[in-house]
Amino acid sequence: MKSYKIAVIEGDGIGREVVPEGIRVLEAAARRFGISLSWTNFDWSCETYLSTGRMMPEDALDQVRPYDAIYLGAVGYPGVPDHVSLWGLLIPIRRGFKQYVNLRPCRLLEGITTPLSGRNAGEIDFCIVRENSEGEYSEIGGRLHRNTDQEMAIQETVFTRRGCDRVISYAFELARTRRNHVTSATKSNGIVFTMPFWDERFNAIAKTYTGVKADQYHIDILTAHFVSHPDRFDVVVGSNLFGDILSDLGAAVVGSMGLAPSANLNPEREYPSMFEPVHGSAPDIAGKGIANPVAQIWSGAMMLEHLGEKHAAHAVEQAIFKVLARRDPLTPDIGGKAKTEDMGKAIAAEISAVTAGN
Ligand code: GGG
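Residues numbered from 1 in each chain as written. Predicted model: local features only at pLDDT ≥ 70, side-chain atom pairs only at ≥ 80, totals over all residues. Heavy atoms only, no water.

Chemist: When you look at the site of the ligand in this model, what are you seeing that I'm missing?
Modeler: Taken together, 15 residues lie near the ligand, and Val75, Arg130, Glu276, Pro277 and His279 sit nearest. In this structure, Tyr137 approaches the ligand through a side-chain N or O atom, which is 3.1 Å from an oxygen atom. Measuring from a nitrogen atom of the ligand, one finds a backbone N or O atom of His279 at 2.8 Å. Among the secondary structure elements, those contributing two or more residues to the shell around the ligand are β3 (69-74), α4 (82-96) and β12 (273-277). For the shell around the ligand, the class distribution of residues is eight nonpolar, three polar and four charged. (Near = heavy atom within 4 Å. Polar contact = N/O pair within 3.5 Å; in protein donor to acceptor, adjacent residues only side chain to side chain. Helix = DSSP H or I, 4+ residues; strand = E, 2+ residues; numbered from the N terminus. Nonpolar A, V, L, I, M, F, W, Y, C, P; charged D, E, K, R; others polar.)

Quick look at the structure:
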């Protein structure tokens, strides 16, 4: 029996509610496909920060390094500044483990209503490939003349040739397994150094992928096309910030933030990759038990796929799609009244039902 060690970081807010449902469903898939998953909880969160002064211990990466993957919920909570929670947990893991691809699929599923009129299930199906280790998320910069009328802040953006080439190449490789089309998000009319460099690297890589259509849009019109013509896109590659913004928009056009999974990938597999929903900790609904667990569960399917358990991954996805298609049970964000746990149990039951030969 194949066995995998998973490091679990539930984090904050609804992360603590949706992760247990993800584990419930992945356990059902593990039973059906004869694999063993062992889960180790790491209680790293804003609460940890408030009691210890750190989101996670100094040797955190050494602690999770031996695991096969990391399954993360959400980070961020009122009382702890967002840059503290992000730079104290998520970003050090993404960077330390060279998870330079953040893969974020957006698919309009049967049973889900999109805010866009006239769009049906299957008509929107694209993947965002977000650069996940450099770009606009940089630690280079500083503040000068604090608390004076000359106060200023400078933040440098970092685009390296290696960083651009590897994520753009990943996007082209992915497109080859899909509909052979990559779109680049740029802003080279206004951002005069980094973005023309990004375009140069995109065009250079595109030339090496004959048979894959390549095009590019400035980020402003690209966001408009996401709303007006989302069917045009297959794989969309963008910098750290652009990819982040586009993926929340992508989640909204396919019906809910609660349906958007993601994978922080170290494609070379030198380090564990990390799987997390696109959404954050949602303090407004935390503690009510009504968060949609689908993004977390679907991120778990991406984890199984990455671990090489393709049948189990497929079964989890199909179970999600089945429950959404029959629209029972649904959490409030997608038009129902169900609790987080009800949806998790329903999806797990779909997997177990097939196991029993029904
Ligand atoms: N699911 C992880 C989470 O809490 N994400 C919220 C967030 O603010 N992420 C920022 C980012 O992905 O850069």
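This is not the end of the story, as more comes after the structure.
Chemist: How do you make sense of the domain arrangement of the chain when you look at a structure like this?
Modeler: Buried accessible area, meaning the area lost when the parts come together, often serves as the stated size of an interface. For the chain, the assigned domains are domain 1 (1-107 + 258-358) and domain 2 (157-253). The distance between the C-alpha centroids of domain 1 and domain 2 comes to 26 Å. Contacts between the two partners involve 10 residues from domain 1 and, on the opposite side, 11 residues from domain 2. In this structure, the connection of domain 1 to domain 2 is made through one salt bridge. Residue Asp244 is joined to Arg104 by a salt bridge in which the shortest nitrogen-to-oxygen separation is 3.2 Å. In this assembly, domain 1 and domain 2 are joined by two residue pairs in polar contact (both at pLDDT 80 or more). (Domains from an automatic or database assignment. Contact = heavy atoms within 4.5 Å. Salt bridge = Lys/Arg side-chain N within 4 Å of Asp/Glu carboxyl O.)

Chemist: It is not clear to me how the environment of Gly73 should be interpreted in this structure. Could you clarify?
Modeler: Inspection of the secondary structure assignment puts Gly73 in strand β3. Residue classification places Gly73 among the buried positions, given a relative accessible area of 0%. Those residues in contact with Gly73 that lie beyond four places of it in its chain are Ile9, Glu10, Gly15, Val19, Glu276, Pro277 and Gln296. (Buried < 20%, exposed > 50% of the residue type's maximum accessible area, 1.4 Å probe, protein only.)

Chemist: Even after reading the chapter, I still don't get the sheet that holds strand β11 (residues 261-265), so can you show me in this structure?
Modeler: Within a sheet, neighbouring strands are paired by backbone hydrogen bonds and run either parallel or antiparallel to one another. The 10 strands lie next to each other as β2-β1-β3-β12-β11-β4-β5-β10-β8-β9, forming an open sheet whose pairing is mixed. Unpaired on one side and paired on the other, β2 (35-41) and β9 (213-218) mark the two borders of the sheet. On average, each strand axis in the sheet is tilted by 25° relative to the strand beside it, whichever way the strands run. Note: strand β1 (residues 2-11) against β3, five bridges, orientation parallel. The residue bridging Ile6 from the neighbouring strand is Ala69, located in β3. Of the strands in this sheet, β4 (101-107), β5 (125-131), β8 (181-186), β9, β10 (235-238) and β11 touch helix α5 (residues 161-176), which is tilted by about 165° from β5. Sitting on the sheet, helix α6 (residues 194-207) is in contact with β8, β9 and β10, with an inclination near 170° to β8. (Pairing = 2+ DSSP bridges. Axes fitted to C-alpha atoms, helices over the stretch in contact; angles between N-to-C directions.)

Chemist: Could you clarify how one ought to interpret unusual backbone geometry in this entry?
Modeler: In most cases, non-glycine residues show a negative phi, while peptide bonds are predominantly trans. In this structure, Pro329 follows Asp328 across a cis peptide bond, with omega equal to 0°. Positionally, Pro329 belongs in the loop between α10 (310-326) and α11 (340-355). Positive phi outside glycine occurs at Lys98, with the angle close to 45°. Among the structural elements, Lys98 can be located in the loop between α4 and β4. Residue Lys98 is classed as partly exposed on the basis of its relative accessible area of 34%. For His145, which is not glycine, the phi dihedral falls at a positive 55°. Of note, His145 is situated in the loop between β6 (141-144) and β7 (152-155).

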